[in-house]
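# Observations on the model geometry
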Amino acid sequence: MARVKRRKPYRKRCRYCKTNRDVIPIVYAQKIDEELLQKEQEGELKIGAAFVGADLPMWYCKNCGNEFI
Ligand SMILES: [Zn+2]
């Protein structure tokens, strides 16, 4: 039986760059551990500042620095 292929994780598209190629998710972590830091260094995600507020951006574009929901 064929297994379902893992899909690439969904990423939103940057409205300025018209692509999601450089878009990474922003992670708001209570505890920042080594794994998260390593992933941030590898450019897989961005660690968001832990502040409370509405409409926190979920995505960050490495190409233009745009943060968006
Ligand atoms: Zn962009």
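Just so it is clear, the model here is predicted, and its values are computed rather than measured.

## Here's the deal with the overall build of the protein chain
Across its full length, the protein chain carries one helix and four strands. Going from the N terminus to the C terminus, the protein chain shows its helices and strands as β-α-β-β-β. Looking at the 69 residues of the protein chain, the share that counts as buried comes to 6%. A sequence separation of at least 24 residues applies to 39% of the contacts in the protein chain between residues at least 6 apart.

## Quick look at helix α1 (residues 34–41)
Counting buried residues in α1 gives zero out of eight residues, a small share hidden from the surface. A positive backbone phi angle near 80° is found at G43, which sits one or two residues after α1.

## Considering the environment of L56
Turning to its location among the elements, L56 is positioned in the loop between β2 (46–47) and β3 (59–61). The residues touching L56, leaving out its near neighbours within four places in the chain, are Y28 and G48.

What counts and how
- Residues numbered from 1 in each chain as written.
- Predicted model: local features only at pLDDT ≥ 70, side-chain atom pairs only at ≥ 80, totals over all residues.
- Helix = DSSP H or I, 4+ residues; strand = E, 2+ residues; numbered from the N terminus.
- Buried ≥ 20, exposed ≤ 12 C-beta atoms within 10 Å, placed from the backbone.
- Contact = placed C-beta atoms within 7 Å.

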